[in-house]
Every structure is written in C-alpha cells, then in structure tokens.
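Next come the chains, spelled out residue by residue.
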Amino acid sequence: MKFYILALASFFIAQSVVAQPTSSTKPAEKSDAKVEATKAEAAAMSASKNFEPLKKKQLEFVDDRIARLQELKICVEASTAIEGLKRCQEKFRENSYKGKVASTSTPSK
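Just so it is clear, the model here is predicted, and its values are computed rather than measured. (Residues numbered from 1 in each chain as written. Predicted model: local features only at pLDDT ≥ 70, side-chain atom pairs only at ≥ 80, totals over all residues. Heavy atoms only, no water.)

Digging into the overall build of the chain
Condition: Only DSSP runs of H or I covering at least 4 residues are called helices, and only runs of E covering at least 2 are called strands; the numbering of each starts at the N terminus. When accessible area is computed with a 1.4 Å probe and restricted to protein chains, residues below 20% of their type maximum are described as buried, those above 50% as exposed, and intermediate ones as partly exposed.
When you go through the chain residue by residue, the secondary structure sums to 3 helices and 0 strands. For the chain, the succession of helices and strands along the chain, N to C, is α-α-α. Buried positions account for 11% of the 109 residues belonging to the chain.

In structure tokens form, the structure reads like this:
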C-alpha cells in the first residue's frame, strides 16, 4: 500500500513539474500556436470544399438503398409462400450488388 501511495505521489509531482512552462519556451509556444491555427484553418477550408461532393454521394447512396429496401418490402408483403420469400431475397441480392433498383413485380406464388 505504501508503494502505491509513493508511486502516485511521485507521478503527481512529475506532472506538476512538467506542466510548468519556463519563460524561454513561451514565445516559441505562441508562434507554434499561430502555425497550428493556420494549418487548422487551411484544413477546414479544404475539408469544406470536399464535404459537399461527399455529402451528395452519400445521400445518393442512402436514397438508392432506401428504394431497394422498399422494393424488397413490397415483394415480401406480396409473398404467400416460402418460395416467394426466397425469390425476393435472391432478387434483392442480385440488384443490391449491381446497385440497381429491382423492378416492381410480385413473386410467383
């Protein structure tokens, strides 16, 4: 128990010594902060230019997925037997890999 308390105390002492800045490092830290701020601003501007096309692409993907899932739902709702459900799943798998929306048709019963 004594070792644990001693180790914990030495850790906090070391942290307090490291955390205290010296007067010689303050000007360098300020200039480094300005450089980092400039880099962050440049990165933010670059990210905003790239954001809109990425957002558009993601929204198109989500819309396509929703349409394919709605087609699957219609097919499943129209099924009356297990074979119909299997056909719906097969059709969904085929069209999901192609990225195309399945044509609306009821499964054979």
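Structural notes on the state of the cysteines
Rules: In what follows, a disulfide is any cysteine sulfur pair within 2.5 Å.
For the structure shown, the criterion picks out 1 disulfide. There is a disulfide in this structure between Cys-75 and Cys-88, and the S-S distance comes to 1.9 Å. Given an S-S torsion of about -85°, the disulfide between Cys-75 and Cys-88 has left-handed geometry. Pair noted here: Cys-75 is in helix α2 (residues 26–78) and Cys-88 is in helix α3 (residues 82–98), with a separation of 13 residues, a long-range link. Look at Cys-88 and you get buried, because its relative accessible area is 1%.

Quick look at the side chain of Ser-79
The line we're drawing: Pairing of N or O atoms within 3.5 Å defines a polar contact, subject to two protein rules: one partner must be a possible hydrogen donor and the other a possible acceptor, and residues neighboring in sequence count only if both atoms are side-chain atoms.
Structurally, Ser-79 is set in the loop between α2 and α3. Within the local environment of Ser-79, its side chain forms a polar contact with the backbone oxygen of Cys-75, the two atoms lying 3.0 Å apart.

Examining the confidence of the model for the chain
Where we set the bar: One confidence number per residue, pLDDT, is output by the predictor and ranges from 0 to 100. Two residues form a contact once any of their heavy atoms are found within 4.5 Å.
The predicted model of the chain averages 74 in pLDDT, with 61% of residues at 70 or higher. Of the regions scoring below 50 in pLDDT, residues 101–105 engages in 12 contacts with residues more than four places distant in sequence or in other chains.

Comments concerning a nonpolar patch on the surface
Rules: In this analysis, a patch consists of residues with relative accessible area above 30% that form no salt bridge, clustered at 9 Å for like charges and at 5 Å for the nonpolar side chains Val, Leu, Ile, Met, Phe, Trp and Tyr. Note on areas: these come from Shrake-Rupley sampling with a 1.4 Å probe, and a residue is covered only by the protein chains present in the view. Whenever a carboxyl oxygen of Asp or Glu lies within 4 Å of a side-chain nitrogen of Lys or Arg, that contact is scored as a salt bridge.
Together, Phe-61, Val-62 and Ile-66 line one region of the surface with nonpolar side chains, adding up to about 260 Å² of accessible area. If you trace the backbone, Phe-61 turns up in helix α2.

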